[in-house]
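Architecture and fold: a report
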Amino acid sequence: MNTALRRIIFLILLLIAWEMGYRIFNWGWKFPSPLQTYQAFYDGFTDGHLLGAIISSLRRLLISFVIAIGIGTLLGFLFARYRFFDETFGFLVVALQTVPSIAWLPFAIIWFGLNDTAVIFITTIGATWTMSMASRTGIMNISKIHLRAAQMMGTGNGFRMFFQVMVPASFPHLITGVRVAWAFAWRALTAGELIAKGLGLGQTLQDSRSIGDTATILCVVIIIAVIGTISDHLCFKRFEDRIMTRYGLHSAK
């Protein structure tokens with residue numbers, strides 16, 4: 001039995017157990033049945049509300065994610081290459097990493113208002129610190145011999161060294177940082193959208209909670225989980241395998 005078939009069987013059994021639990025324990029409106037959830041999906045995509053919320057959230061998420069990856073990778077490079085910078089600002093970043101990004105939401109509202117900019121700010125913070133620590137670890141683990149050999153071959157210490165040597169050599173840590181940063185960005189995005197105005201999955205959660213629509217709430221949760229799984233397996237995992245194979249870290253299949 002292959003993996004796909006096992007997963008399909010598991011999902012079928014899960015749906016059966018879910019429906020039985022709904023009927024036996026009489027959950028009522030507190031937790032929806034599979035049929036109610038399906039109806040909420042159908043209605044949400046038919047009237048376009050769920051699709052619009054997904055598009056709005058993904059737009060904010062991708063903008064924030066690109067900014068976080070760029071800033072985080074640059075900070076990690078600086079931390080790894082300059083000891084003074086690592087012992088000062090790097091120490092601060094470690095401290096900031098422990099602070100939930102939603103804690104910055106009051107500042108974001110004061111600075112930007114209840115709009116997209118505030119949500120993007122919160123989401124960017126949620127992913128940047130994780131990415132910076134991952135890139136720092138990856139670059140610091142590069143063999144000094146490889147760096148010296150690259151310098152002798154004419155790469156110097158600037159952008160050529162960074163893009164041609166450091167990024168490929170630290171890629172296993174970088175891709176781990178990217179995957180974790182993606183998860184953190186999703187959490188920060190949803191939390192920020194709970195309060196911000198405008199269409200989005202977080203705002204849909206808030207509106208559904210206000211009217212007790214647990215079926216739509218569960219739809220949003222499922223959508224976030226599905227998008228996260230698809231993006232990790234079909235995007236990040238494939239990209240990781242290709243790069244690892246290209247640089248001889250994995251054997252080609």
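Since we're looking at a predicted model, the values are computed, not measured. (Residues numbered from 1 in each chain as written. Predicted model: local features only at pLDDT ≥ 70, side-chain atom pairs only at ≥ 80, totals over all residues. Heavy atoms only, no water.)

Attention now goes to the overall build of the protein. Within the protein, the regular secondary structure consists of 11 helices and 0 strands. Listing the helices and strands of the protein from first to last along the sequence gives α-α-α-α-α-α-α-α-α-α-α. Its C-alpha atoms give the protein principal-axis dimensions of roughly 70 × 55 × 30 Å. For the protein, with 253 residues in total, the buried portion stands at 40%. Considering only intrachain contacts with a sequence separation of at least 6, the fraction spanning at least 24 residues in the protein is 67%. Looking at the protein as shown, the accessible area adds up to about 14900 Å², and 69% of this sits on carbon and sulfur atoms. Placing the 21 positive and 12 negative side-chain charges of the protein at their respective mean positions leaves the two points 12 Å apart. (Helix = DSSP H or I, 4+ residues; strand = E, 2+ residues; numbered from the N terminus. Buried < 20%, exposed > 50% of the residue type's maximum accessible area, 1.4 Å probe, protein only. Contact = heavy atoms within 4.5 Å. Areas by Shrake-Rupley, 256 points an atom, 1.4 Å probe, with all protein chains shown as cover. Lys, Arg positive; Asp, Glu negative; His and termini not counted. Charge placed at Lys NZ, Arg CZ, Asp CG, Glu CD.)

In this model, the largest pocket occupies a volume close to 480 Å³. Forming the boundary of the largest pocket are 14 residues, of which Arg7, Leu11, Leu14, Ile222 and Val226 lie nearest the centre. Those elements that provide at least two residues to the lining of the largest pocket are helix H1 (3–25) and helix H11 (214–246). It is H1 that contributes the most residues to the lining of the largest pocket, 8 residues altogether. The residue inventory of the lining of the largest pocket, partitioned by class, reads 10 nonpolar, 3 polar and 1 charged. Taken as a whole, the second largest pocket encloses approximately 190 Å³ of empty space. Val99, Pro100, Ser101, Gly126 and Phe184 are the residues nearest the centre of the second largest pocket, which is lined by 14 residues in total. Across the lining of the second largest pocket, the residue classes break down as 9 nonpolar, 4 polar and 1 charged. (1 Å grid on protein atoms, 1.4 Å probe; cavity = no way out; pocket = protein on both sides within 12 Å on 5 of 7 lines; lining within 4 Å. Points joined across faces, edges and corners; volume = space filled by probe spheres on them. Nonpolar A, V, L, I, M, F, W, Y, C, P; charged D, E, K, R; others polar.)

A separate point is H1. Taking 1.5 Å per residue as the helical rise, H1 with its 23 residues ought to reach 33 Å, and the 32 Å between its terminal C-alpha atoms agrees with that figure. Those residues of H1 lying buried are Trp18, Glu19, Gly21 and Tyr22. Trailing H1 by a residue or two, Asn26 shows a phi angle of about 50°, which is positive. (Expected span 1.5 Å × (residues − 1).)

Our focus in this paragraph is the packing of aromatic side chains. The final tally for this structure, using the stated rule, is 15 aromatic pairs. Ring geometry for Trp111 against Phe112: centres 6.3 Å apart, planes inclined by 85°, an arrangement best described as edge-to-face. Positioned above the aromatic ring of Phe184 is the side chain of Arg187, whose terminal nitrogen or guanidinium carbon lies 5.1 Å from the ring centre. (Phe/Tyr/Trp six-rings, centres within 6.5 Å; stacked < 30°, edge-to-face > 60°. Lys NZ or Arg CZ within 6 Å of the ring centre and 35° of its normal.)

Let's shift gears to unusual backbone geometry. A negative phi holds for most residues other than glycine; trans holds for most peptide bonds. In this model, Asn26 sits at a positive phi of 50°, which is unusual for a non-glycine residue. If you trace the backbone, Asn26 turns up in the loop between H1 and helix H2 (34–46). By relative accessible area, which is 63% here, Asn26 ends up exposed.

This next bit is on the pattern of salt bridges. Per the counting criterion, the structure on display carries 7 salt bridges. For the salt bridge of Arg59 with Asp116, the shortest nitrogen-to-oxygen distance reads 2.6 Å. Pair noted here: Arg59 is in helix H3 (residues 49–81) and Asp116 is in helix H6 (residues 116–140), with a separation of 57 residues, a long-range link. Taking the shortest distance from any N to any O, the salt bridge between Arg136 and Asp86 comes out at 2.9 Å. Here Arg136, found in helix H6, pairs with Asp86, found in helix H4 (residues 83–97); they are 50 residues apart in sequence, far enough to count as distant. Given the relative accessible area of 21%, Arg136 is considered partly exposed. What you see here is one network of salt bridges that share partners, running through Arg59, Arg60, Asp116 and Glu193. (Salt bridge = Lys/Arg side-chain N within 4 Å of Asp/Glu carboxyl O.)

Within the secondary structure, Ser135 sits in helix H6. Sequence-distant contacts of Ser135, that is, excluding residues within four places in its chain, are made with Gly72, Thr73, Gly76, Phe77 and Leu174.

Time to look at the nonpolar core. Counting 28 residues, the largest nonpolar core has Trp186 and Leu201 as the members making the most contacts within it. Of all the secondary-structure elements, those providing two or more residues to this core are H3, H6, helix H9 (171–193), helix H10 (201–211) and H11. Setting aside residues no more than four positions away along its own chain, Trp186 makes contact with Leu58, Leu61, Leu201, Ile224 and Ile227. Ile142, Leu147, Met161 and Phe162 belong to the second-largest nonpolar core, a separate cluster that totals 9 residues. (Core = buried A, V, L, I, M, F, W, Y, C linked by side-chain atoms within 4.5 Å.)

Close inspection of predicted coordinates is inappropriate in any region flagged by low pLDDT. For the protein, per-residue confidence averages 85 on the pLDDT scale, and 94% of positions sit at 70 or higher. Element-level pLDDT for the protein is lowest in helix H8 (residues 159–169), with a mean of 74, against a maximum mean of 93 in H2. (pLDDT = per-residue confidence, 0-100.)

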